[in-house]
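Report on the structure
If you want the building blocks of each chain, they are given just below.
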Amino acid sequence: MNVTQLHEKFESIRANKLFESFVIAVIVISALLVGAKTYDMPPSFGSVTLILDWFISLFFLTEITIRFLAEPNKRSFFKSFWNWFDTLIVLISLIPADDAELAVVARLVRVFRVLRMISIIPELRVLLVSLVKALPQLGYVMLLMFIIFYIYAAIGSTLFEQINPVLWGDITISLLTLFRIMTFEDWTDVMYETQEVYGLSWIFYLTFIFFTAFAFLNMVIGIVVNVMEQESIKARKLEEEASDEPTMRDLMEEIVRLREKVESQANPPR
């Protein structure tokens, strides 16, 4: 078997959907294995988990090697962030977990092996990339939300400090109380307590909830959804460019060209 045939073999393995499904299954088993180690286990089961852990680590190492050998240009393999991410996770997960000094680090790294699901499933990559690209726009929304929080915290600390200093003693505590209200954690108890002194204090709570829990939340969702649509369009364009099969648009353009050619031949210029 020459180098070309060997490369084609690795390429077929990497592109195989069954192999991809098996990788996902191993990632899920790895996550379950990490969770199982948090329980008290008999010594016999502990040795089984150790064997499974090493099998998973060696399988991930083999899978990364197959992906690397299947890459036509080996230098371009490490141009992808996800390839760097997978390789780093796999190499660090080879740290022996039975070493007392490195046991905690090894267990934490094995938890992050679950994140490899993102690099395997394209839809999850689109979600994560969209979230990261939406962060600059979300920053301005968060800044505006902080301004609203600060204003309401100052008002709440001024008006309600004498009623309940535990919740409204200073502006820092008031910010925490407002976060509790925004997440609807027993916020009615806080409102009813202040309503006994200020009957119209419900306006304070309802307007704050409207601004934060409804208006700003919808703004965040709108920004993320908009970025996700843009990333989905880009991903589809890249798939169409990478595919050798003609798209519907290419077929329509080819039909138009053939029609014009036939018409020109049927009606030659005089």
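Let us look at the structure shown here. Numbering of residues starts from 1 in each chain and follows the order in which that chain's sequence is written. Restriction of local features to residues with pLDDT of at least 70 applies here, the model being predicted, together with a cutoff of 80 or more for giving and counting side-chain atom pairs; totals for whole chains, interfaces and linings are based on all residues. Here the side-chain values reflect all heavy atoms present in the structure, with hydrogen atoms and water set aside.

Here's the deal with the overall build of the chain
How we decide: Only DSSP runs of H or I covering at least 4 residues are called helices, and only runs of E covering at least 2 are called strands; the numbering of each starts at the N terminus. Type-normalised accessible area, obtained with a 1.4 Å probe on protein chains alone, sets the label of each residue: buried when under 20%, exposed when over 50%, and partly exposed for intermediate values. In what follows, a contact means two residues having at least one pair of non-hydrogen atoms within 4.5 Å. To measure how exposed things are, a 1.4 Å probe is used in the Shrake-Rupley method; for residues, cover is taken only from the protein chains shown.
Scanning the chain from N- to C-terminus turns up 13 helices and zero strands. Element order for the chain, N to C, with α for helix and β for strand: α-α-α-α-α-α-α-α-α-α-α-α-α. Here the chain holds 270 residues, and the buried ones make up 28% of them. Of all intrachain contacts in the chain linking residues separated by at least 6 positions in sequence, the fraction that spans at least 24 positions is 63%. When the accessible surface of the chain is split by element, carbon and sulfur atoms take 68% of a total near 18200 Å².

Points about the packing of aromatic side chains
Stated formally: The rule is short: rings of Phe, Tyr and Trp, with Trp giving its six-membered ring, pair when the centres are within 6.5 Å, and they are stacked under 30 degrees, edge-to-face over 60, tilted in between.
Applying the stated criterion across every chain yields a total of 15 aromatic pairs. Where Trp-168 meets Phe-204, the ring centres are 6.1 Å apart and the plane angle is 75°; that geometry is what we call edge-to-face. Taken as a pair, Trp-168 in helix H9 (residues 165-168) and Phe-204 in helix H12 (residues 202-242) lie far apart in primary sequence, 36 residues in all. A relative accessible area of 0% means that Trp-168 is categorised as buried. Looking at Phe-204, the relative accessible area reads 10%, which means it is buried. Through a chain of ring-to-ring contacts, three or more aromatic side chains come together here, namely Phe-149, Tyr-152, Phe-160, Trp-168, Tyr-198, Phe-204, Tyr-205 and Phe-208.

Re the pattern of salt bridges
Under the convention used in this document: Note on definitions: salt bridges are taken to be side-chain nitrogens of Lys or Arg within 4 Å of carboxyl oxygens of Asp or Glu.
Enumeration according to the criterion identifies two salt bridges in this entry. One salt bridge in this structure joins Glu-63 and Arg-67, with 3.2 Å as the shortest N-O distance. Taken as a pair, Glu-63 and Arg-67 lie in helix H3 (residues 43-70) at a separation of four residues, close to a single helical turn. Residue classification places Glu-63 among the buried positions, given a relative accessible area of 2%. Between Arg-67 and Asp-86 there is a salt bridge, and its shortest N-O distance comes to 3.0 Å. Highlighted residues: Arg-67 in helix H3 and Asp-86 in helix H5 (residues 81-92), separated in sequence by 19 residues. Residues Arg-67 and Asp-86 agree in their burial class; the two are buried.

Comments concerning the side chain of Asn-83
Tracing the backbone through its elements, the reader meets Asn-83 in helix H5. Once residues within four sequence positions are removed from consideration, Asn-83 is found in contact with Arg-67 and Phe-77.

Quick word on unusual backbone geometry
You will see that Phe-184, though not glycine, has its phi angle at about 60°, which is positive. Looking at the element boundaries, Phe-184 is found in the loop between helix H10 (171-182) and helix H11 (187-195). Looking at Phe-184, the relative accessible area reads 42%, which means it is partly exposed. The backbone of Asp-186 sits at a positive phi, close to 50°, despite the residue not being glycine. Within the element layout of this structure, Asp-186 appears in the loop between H10 and H11.

Focus: the side chain of Thr-212
We count it as follows: Two N or O atoms form a polar contact when they lie within 3.5 Å of each other; inside protein one atom must be a possible hydrogen donor and the other a possible acceptor, and for residues adjacent in sequence the pair counts only when both atoms belong to side chains.
The residue Thr-212 is located in helix H12 in this model. Given a relative accessible area of 2%, Thr-212 falls into the buried group. Here the side chain of Thr-212 touches Phe-208 through a polar contact of 2.7 Å, landing on its backbone oxygen. Look past the residues within four positions of Thr-212 in its chain and what remains in contact with it is Met-145, Ile-148, Phe-149, Met-182 and Leu-217.

A closer look at the environment of Phe-55
Structurally, Phe-55 can be placed in helix H3. On the basis of relative accessibility, which here comes to 45%, the residue Phe-55 falls in the partly exposed class.

All quantities given are derived from atomic positions and should not be read as evidence of function.
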